[in-house]
Amino acid sequence: MTVWFRETLHPHYAQGLSVDALIYDSKTEHQRLQVFENGTFGRVLTLDGVVQTTAGDNFIYHEMMTHVPILAHGAARRVLIIGGGDGGMAREVLRHKSVEHVTMVEIDAGVVEFSREYLPMLSQGAFDDPRLNLVIADGADFMRGTTDRFDVIIVDSTDPIGPGEVLFTDTFYGHAKRALTEDGILVTQNGVPFLQGEELANTLRAFKALFADWGCYMATVPTYAGGPMAFGWGTDGPARAVTVEELQARFAAAGIVTDYYTPGVHKGAFALPAYVERLLP
Ligand code: SAM
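Positions within a chain are numbered from 1, following the residues in the order the chain's sequence is written. With pLDDT at 70 or above as the cut-off, local features in this predicted model cover only qualifying residues; side-chain atom pairs require 80 or more to be listed or tallied, and sums for whole chains, interfaces and linings still use all residues. Note that water and hydrogens are dropped before the side-chain values are worked out from all heavy atoms of the structure.

Visitor: I would appreciate a short explanation of the overall build of the protein in the present structure.
Guide: By the criteria applied, helices consist of DSSP H or I runs no shorter than four residues and strands consist of E runs no shorter than two, each listed in order from the N terminus. When its secondary structure is counted, the protein shows 10 helices and 13 strands. Taking the principal axes of the C-alpha coordinates as reference, the protein spans close to 55 × 45 × 35 Å. Put simply, the protein has 281 residues, and 54% of those count as buried. Nonlocal contacts in the protein, meaning residues at least 24 apart in sequence, comprise 67% of its contacts between residues at least 6 apart. Residue-level accessible areas treat just the shown protein chains as cover; the underlying method is Shrake-Rupley with a 1.4 Å probe. Here the protein has roughly 11400 Å² of accessible surface; of this, 53% comes from carbon and sulfur atoms. Positive charges come from Lys and Arg alone, negative charges from Asp and Glu alone, with His and the N- and C-terminal ends not counted. Where a charge sits is defined by one atom per residue type, namely NZ (Lys), CZ (Arg), CG (Asp) or CD (Glu). Across the protein, the mean location of the 21 positive side-chain charges is 4 Å away from that of the 35 negative side-chain charges. Each residue gets one of three labels from its accessible area relative to the maximum for its type: buried under 20%, exposed over 50%, partly exposed in between, using a 1.4 Å probe on protein chains only. In this description, contact between two residues means that some pair of their heavy atoms is separated by no more than 4.5 Å.

Visitor: Whenever I open this one, the domain arrangement of the protein confuses me. Can you help?
Guide: One frequent convention defines the size of an interface as the accessible area lost when the parts assemble. The domains assigned to the protein are domain 1 (4–54) and domain 2 (58–277). How far each domain reaches was decided by an automatic or database domain assignment. Each of domain 1 and domain 2 has a C-alpha centre, and these two points are 22 Å apart. Opposite the 21 residues of domain 1 that make contact, domain 2 presents 24 residues. When a carboxyl oxygen of Asp or Glu is within 4 Å of a side-chain nitrogen of Lys or Arg, the pair counts as a salt bridge. Counting every contact that joins domain 1 to domain 2 gives zero salt bridges. We call two N or O atoms a polar contact when they sit within 3.5 Å, provided that within protein one can donate a hydrogen and the other can accept it, with sequence-adjacent residues counted only if both atoms are side-chain atoms. Taken together, the links from domain 1 to domain 2 amount to seven residue pairs in polar contact (both at pLDDT 80 or more). Going through the elements one at a time, β1 (4–10), β2 (13–18), β3 (21–27), β4 (32–38), β5 (42–47) and β6 (50–54) are the ones with two or more residues in the side of domain 1 that touches domain 2. Broken down by element, the residue count for the side of domain 1 that touches domain 2 peaks at five residues, all from β6. When residue character is reported, Ala, Val, Leu, Ile, Met, Phe, Trp, Tyr, Cys and Pro are called nonpolar, Asp, Glu, Lys and Arg charged, and the others, Gly included, polar. Residues that form the side of domain 1 that touches domain 2 fall into these classes: 11 nonpolar, eight polar and two charged.

Visitor: I tried to follow the pairing of strand β11 (residues 180–189) on my own but got confused; where do I start?
Guide: Each regular strand displays side chains that alternate between the two surfaces of the sheet. Burial of β11 is extensive: seven of the 10 residues sit out of reach of the surface. Direction of pairing for strand β10 (residues 150–156) relative to β11: parallel, over a ladder of five bridges. Of the residues in β11, the one forming a bridge with phenylalanine 150 is leucine 180. Orienting the strands away from the viewer, one traces the path from the first strand over the helix to the second; a clockwise path indicates a right-handed crossover. Handedness of the crossover is the feature at issue here: the chain leaves β10, passes through helix α6 (residues 170–178), returns alongside β11, and the resulting connection is right-handed. Here a strand pair is declared whenever DSSP counts at least two bridges between the two strands. Of the pairings in the sheet, the one linking β11 to strand β13 (residues 229–235) comprises five bridges and is antiparallel in character. Across the sheet, the residue bridging to valine 187 is tryptophan 233, located in β13.

Visitor: What exactly am I supposed to notice about the sheet that holds β3 here?
Guide: As summarised here, the arrangement of the four strands in space is β3-β4-β5-β6, forming an open sheet in which the pairing is antiparallel. Whereas interior strands pair on both sides, the edge strands pair on one side only; in this sheet they are β3 and β6. The mean angle between the axes of side-by-side strands here comes to 20 degrees, regardless of whether they run parallel or antiparallel. Bridging between β5 and β6 involves four bridges; their strand directions are antiparallel. Each residue of the ladder has a partner; that of valine 44, found in β6, is threonine 54. Strands β3, β4 and β5 of the sheet are contacted by helix α3 (residues 109–118), whose axis makes an angle of about 20 degrees with β4. The axes are straight lines fitted to the C-alpha atoms, using for helices just the contacting stretch, and the angles between their N-to-C directions are given from 0 to 180°.

Shown next as structure tokens:
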């Protein structure tokens, strides 16, 4: 008899993943953490009943939240990741040899410890990279107090429920803006606009007040159910205007082989469907 994991993040709409082998199901200090094997997506990590990432499709999300801002910036040396406990975001950032230092602020040590052991295919050694500085703390508290400055800030958080809620506030975004270098870029995990349009509209309302260049770009991640997801984008610098030719040169120089990101996909991701454009403040 097949056992199903049912994600009920959204009203009236759920997604199911067969639990072909349960690997872990327990509470950390902050969240309920489950990991199981699924025949299509491989290992699946869920927190509080919501899919966080899978071995099978995490490449789309992690490549688009790292290579887009880093290659658009062109000279990112210091990167901040808020959340990202599974290590996938750090993995992709650290593939850029030009990146000298990554600070990762994760609220839940249990997610990191567990992911290191049971989801090594996500971090692929990122936690042992000497450039990585792992901080176990609330990302909102860190952002409020940090005097460091970052060229790229990536908010790889859960959805705005539970501990992730504070990472979707104007206060947090204001502190993030202050922590950016002059042409620095802030990108945020902003859910699936077809089902979470409010969330995106709220973030972009805050970004419009903070940044000269604000908006979002999109990609479809199969296990973030409900259609293409949005990544919030905010910067005072010229990064959005980088040409596809310049991106091709930077991508080639980086010497990174990807499974989703290409310079053409990078530029195309900022072209928004009408129903998402209508969410822009
Ligand atoms: N890709 C996923 C998504 O789009 O929903 C996010 C994956 S990652 C596992 C999300 C991480 O955010 C988790 O490890 C969670 O513990 C962390 N997190 C949630 N709230 C946080 C906070 N306030 N400060 C720092 N990390 C937080």
